Amino acid sequence: MNNTKQSIYSNKPSAKSIFASKTLWGAVLAGIASLVPLAVKDIKAHEITVDDAGQAILILCGVGTAIVGRVNAQAPIYTPDVLPGPNKSDFGK
């Protein structure tokens, strides 16, 4: 059982700024960490390859999907009992 004092029992979760979202910053940082090596390689080679452009587009799509998913999320999530976060039993169903 989770002992945190989060409002997981209320019917309506409290709103927070997108900039306070760990999901947003995780997606942004993952995207940057993935794009920087591509950019450095292309800058050193003085050219952008089609493969690198395709990889950059896939990275940006993944980041965008994570951010849209976070913004559209409505249902709370739970984690397995061995992981941190609310457990299924915390929701009383």
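Residues numbered from 1 in each chain as written. Predicted model: local features only at pLDDT ≥ 70, side-chain atom pairs only at ≥ 80, totals over all residues. Heavy atoms only, no water.

K.L.:
Just to check I follow, could you spell out the side chain of Ser21 for this structure?
P.N.:
If you trace the backbone, Ser21 turns up in the segment before helix H1 (22-45). Here Thr23 takes part through its backbone nitrogen, which lies 3.2 Å from a polar atom of the side chain of Ser21. At 3.2 Å, the side chain of Ser21 and the backbone nitrogen of Leu24 are in polar contact. If near-sequence neighbours (up to four positions away) are discounted, Ser21 is found in contact with Lys16 and Arg70. (Helix = DSSP H or I, 4+ residues; strand = E, 2+ residues; numbered from the N terminus. Polar contact = N/O pair within 3.5 Å; in protein donor to acceptor, adjacent residues only side chain to side chain. Contact = heavy atoms within 4.5 Å.)

K.L.:
Before we go on, may I ask you to explain H1 in this structure?
P.N.:
If you check H1, its first and last C-alpha atoms are 35 Å apart, about what 24 residues at 1.5 Å a residue would give, namely 34 Å. Leu24, Ala27, Gly31, Leu38 and Asp42 are the residues of H1 that are buried. Considering only its buried residues, H1 is in contact with helix H2 (50-72). Its side-chain oxygen 3.2 Å from the backbone nitrogen of Thr23, Ser21 forms the N-cap of H1. With its phi angle positive at about 60°, His46 sits one or two positions after the end of H1. (Expected span 1.5 Å × (residues − 1). Buried < 20%, exposed > 50% of the residue type's maximum accessible area, 1.4 Å probe, protein only.)

K.L.:
In this structure, what is going on with the packing of H1 against H2? I would like to understand it.
P.N.:
Packed helices, taken two at a time, are described by their axes: the angle between them and the distance between them. Running from N to C, H1 and H2 cross one another at 175°; their axes reach a closest spacing of 9 Å. When the axis of H1 is compared with that of H2, the two are roughly antiparallel. Facing H1, whose interface residues are Thr23, Leu24, Ala27, Val28, Gly31, Ser34, Leu35, Leu38, Lys41 and Asp42, H2 presents Asp52, Gln55, Ala56, Ile59, Leu60, Val63, Ala66, Ile67 and Arg70. Residue composition of the contact of H1 with H2, grouped by class: eleven nonpolar, four polar and four charged. (Axes fitted to C-alpha atoms, helices over the stretch in contact; angles between N-to-C directions. Parallel < 35°, antiparallel > 145°, perpendicular 65-115°, else oblique. Nonpolar A, V, L, I, M, F, W, Y, C, P; charged D, E, K, R; others polar.)

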